[in-house]
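Each chain, written out:
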Amino acid sequence: MSSKLWAARAASYLKISFQYRGFATVIKDLKYADSHEWVKVEGNSATVGITDHAQDHLGDVVYVELPDEGAEVKQGASFGAVESVKATSDINSPISGKVVEVNTKLSDSPGLVNASPYESGWIIKVEINDADEVKSLMDSDQYSKFCEEEDAKH
């Protein structure tokens, strides 16, 4: 039996609170913002979502506020929100551009952000305005270190 499952069962039996904190997944080929969004750049298009680290801190996501297709997003500016059982957090765009697609599956299944933050839980696809903005984002190693330092402060 995995230690996570064992600890959850023991906590349930003892009627105490339990929170498992493993290491968050960081994908090598993505870029990351310090506000915990990821971006996957493919040519002039980018897919955006929140990181595994962010969804882990939020807890169970119950609602995702999505922008409209055709909306303009600006690097560092909010374009939506994620509501969880713990808190509501803004989603900031790691890159500027025009929203060409939104993940409408999140309207019915917001938990996809928790279950699959880098695959099924993506939030928007953007037509990139300025490809140079990607250079200001962190790579996977920088983001991992950033998360470790941030967690050490709390």
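See the structure shown above.
Note that the structure is predicted; figures quoted are calculated from it, not measured. (Residues numbered from 1 in each chain as written. Predicted model: local features only at pLDDT ≥ 70, side-chain atom pairs only at ≥ 80, totals over all residues. Heavy atoms only, no water.)

Student: Please explain the pattern of salt bridges as it appears in this structure.
Tutor: A side chain with one charge can pair with a side chain of the opposite charge if their charged atoms come near. Summed over the entire model, instances satisfying the criterion amount to three salt bridges. For Glu 42, the salt bridge identified is with Lys 40, shortest N-O distance 4.0 Å. Given the relative accessible area of 46%, Glu 42 is considered partly exposed. With a relative accessible area of 38%, Lys 40 lands in the partly exposed category. (Salt bridge = Lys/Arg side-chain N within 4 Å of Asp/Glu carboxyl O. Buried < 20%, exposed > 50% of the residue type's maximum accessible area, 1.4 Å probe, protein only.)

Student: Even after reading the chapter, I still don't get the pairing of strand β9 (residues 124–128), so can you show me in this structure?
Tutor: Strand residues, when the strand is regular, have side chains that alternate between the two faces of the sheet. The side-chain alternation of β9 yields one buried face, formed by Ile 124, Val 126 and Ile 128, and one unburied face, formed by Lys 125 and Glu 127. Here strand β3 (residues 45–50) runs beside β9; their pairing, made up of four bridges, is antiparallel. Its bridge partner lying in β9, Ser 45 is registered against Glu 127. Here five bridges tie strand β8 (residues 97–102) to β9, and the two strands are oriented antiparallel to one another. Directly across from Lys 98, in β9, lies its bridge partner Glu 127. (Helix = DSSP H or I, 4+ residues; strand = E, 2+ residues; numbered from the N terminus. Pairing = 2+ DSSP bridges.)

Student: Got a minute to help me understand the nonpolar core in this structure?
Tutor: Most often, soluble globular proteins keep nonpolar side chains buried together rather than apart. Counting residues in hydrophobic clusters, the biggest one holds 24 residues, and the most contacted among them are Ile 50, Phe 79, Ile 91, Ile 123 and Ile 124. The set of elements that each furnish at least two residues to this core consists of β3, α2 (52–58), β4 (61–65), β6 (78–84), β8 and β9. Residue contacts for Ile 91: discarding those within four places in its chain leaves Glu 37, Ile 50, Val 64, Glu 65, Ala 77, Ser 78, Phe 79, Gly 80, Ala 81, Val 82 and Ile 123. Core analysis: the second largest hydrophobic core is formed by eight residues, Trp 38, Tyr 118, Trp 122 and Met 138 among them. (Core = buried A, V, L, I, M, F, W, Y, C linked by side-chain atoms within 4.5 Å. Contact = heavy atoms within 4.5 Å.)

Student: Explain the sheet that holds β6 to me, please; I cannot follow it from the model alone.
Tutor: Strand pairing in a sheet takes place through backbone hydrogen bonds and is either antiparallel or parallel in direction. The strand order across the open sheet formed by three strands is β4-β6-β7, and the pairing between neighbours is antiparallel. Where the open sheet ends on each side, the last strands, each with one partner, are β4 and β7 (88–92). Across this sheet, the average inter-strand angle for adjacent strands is 25°, counted without regard to direction. Of the pairings in the sheet, the one linking β6 to β7 comprises five bridges and is antiparallel in character. Residue pairing for β7: Gly 80 is matched across the bridge by Ile 91. (Axes fitted to C-alpha atoms, helices over the stretch in contact; angles between N-to-C directions.)

Student: Looking at this structure, how should I read the environment of Glu 133?
Tutor: Within the fold, Glu 133 resides in the loop between β9 and α5 (140–152). A relative accessible area of 15% means that Glu 133 is categorised as buried. Remark: the alpha-carbon pair of Glu 133 and Ile 95, spanning 38 residues in sequence, is separated by 6.3 Å. When neighbours within four sequence positions are excluded, Glu 133 is seen to be in contact with Gln 75, Ile 95 and Ser 96.

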